[in-house]
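# Secondary and tertiary structure notes
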Amino acid sequence: FRPAQLTTVGKRCCLWIQDLCMDLQNLERARDDLRFRGVKGTTGTQASFLQLFEGDHSKVEELDRLVTAKAGFKRAYMVTGQTYSRKVDIEVLSVLASLGASIHKICTDIRLLANLKEIEEPFEKDQIGSSAMPYKRNPMRSERCCSLARHLMTLVLDPLQTASVQWFERTLDDSANRRVCLAEAFLTADIILSTLQNISEGLVVYPKVIERRIRQELPFMATENIIMAMVKAGGNRQDCHEKIRVLSQQAAAVVKQEGGDNDFIARVRADPYFSPIHKQLESLLDPSSFTGRAPQQVAKFLKEEVRPALIPYQSKMGGKIELAL
């Protein structure tokens, strides 16, 4: 949570989207990997069905195939015990827990940016930000997502422990636990996703606040550019580095001890040592020169990764993909 190199709001959002795209891929994989237990009998040996069909193994296998298809599955597990392996539950809840971690990270970022007043989640006209302090605008949706995401992440511990203590065949300590953790995991994932959608659709960005913050921090970030420009103009890098170190500490003292504005650039302009690059300072301080390829990365990411990932869901989204992008 310290100033570093500049990035763009779009790049920040794309980092969030990339995590969600990974979660979508993992959810699809976990869904497609699911198999049916099939018609396997009490402990998975199919003994009763073999007896029913008078020892005809092919009929037992055909029954297994037909029931699997009727249940809507393409495949069934070849071997099971009384239940399918509880590692399946681990796989499913691990994906949901990972989704919870993504949303927690996103909403934490939003909460931090809200504290800087750069970005805010939607705030209703009559919404109360704090029952004690009427001026506050707590990011309550993001806070709620973080709270529930933590619960979602911990739920994966249940199937991990259940799978590890199966004791040959399952008992009620298996089923009672699963009735709680599986349902809660899907319900929790559903509500934090719908809340995140609400946040995303109403997210507010304050460019002027961002601009002011950049003005405060950019002079220090520009020191490396100033050193390189001075070296190109024939200056000694070591001497330049020392000059900038002294001036930047003086400027930092004004900000921290006096509560003043960052006057580092004014000090550079006033120092004859930097006269060879005085005319370049404006271009050296252009914020767009500090964001690198962020705009190009965003455009390519949306075109080549996000759009193809969403196309299969276009009909379900009511044609909102183009609008979203």
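An account of the accompanying structure is given in this report. (Residues numbered from 1 in each chain as written. Predicted model: local features only at pLDDT ≥ 70, side-chain atom pairs only at ≥ 80, totals over all residues. Heavy atoms only, no water.)

## What to know about helix α1 (residues 9-33)
Which entries qualify depends on this criterion: Helical segments are the DSSP runs of H or I of at least four residues, strand segments are the runs of E of at least two, and each set is numbered from the N terminus. In this scheme, a helix's expected span is set at 1.5 Å multiplied by one less than its residue total. In what follows, residue pairs with any heavy atoms lying within 4.5 Å of each other are defined as contacts.
The end-to-end C-alpha distance of α1 is 36 Å, a good match for the 36 Å that 25 residues give at a rise of 1.5 Å each. Packed against the buried residues of α1 are α4 (87-115) and α13 (294-310).

## Observations regarding unusual backbone geometry
Our working definition: Only protein chains enter the accessibility calculation, which uses a 1.4 Å probe; a residue is then buried when its area is under 20% of its type maximum, exposed when over 50%, and partly exposed in between.
Notably, Glu 54 is not glycine yet its phi reads approximately 55°, a positive angle. Examined against the element boundaries, Glu 54 turns out to sit in the loop between α2 (47-52) and α3 (57-70). Judged by relative accessible area, which is 76%, Glu 54 ranks as exposed.

## So, helix α9 (residues 223-232)
As a reminder, the rule being used: Working note: the arc is built from the helix axis to C-beta atom directions.
All of the buried residues in α9 are Thr 223, Ile 226, Ile 227, Ala 229 and Met 230. When α9 is viewed along its axis, its buried side chains cluster within an angular range of 165° and face the same direction. On its buried side, α9 packs onto α8 (207-221), α10 (237-258), α11 (264-270) and α12 (281-284). Gly 234 lies just past α9 and shows a positive phi near 105°.

## Concerning the pattern of salt bridges
Threshold: By definition, a salt bridge exists where a carboxyl oxygen of Asp or Glu is found within 4 Å of a side-chain nitrogen of Lys or Arg.
What the rule picks out here adds up to 16 salt bridges. One salt bridge connects Arg 213 with Glu 118, and the closest N-O pair in it is separated by 3.2 Å. On the criterion of sequence distance, the pair formed by Arg 213 in helix α8 and Glu 118 in the loop between α4 and β1 (119-120) is long-range, its members being 95 residues apart. Here Glu 118 falls in the buried class, since its relative accessible area comes to 11%. We note a salt bridge from Arg 141 to Glu 121, for which the minimum N-O separation is 3.9 Å. Of the two residues, Arg 141 is situated in helix α5 (residues 140-155) and Glu 121 in the loop between β1 and α5; the sequence distance between them amounts to 20 residues. Residue Arg 141 is classed as buried on the basis of its relative accessible area of 8%. Shared partners join several salt bridges into a network, and the residues in it are Arg 29, Asp 33 and Glu 91.

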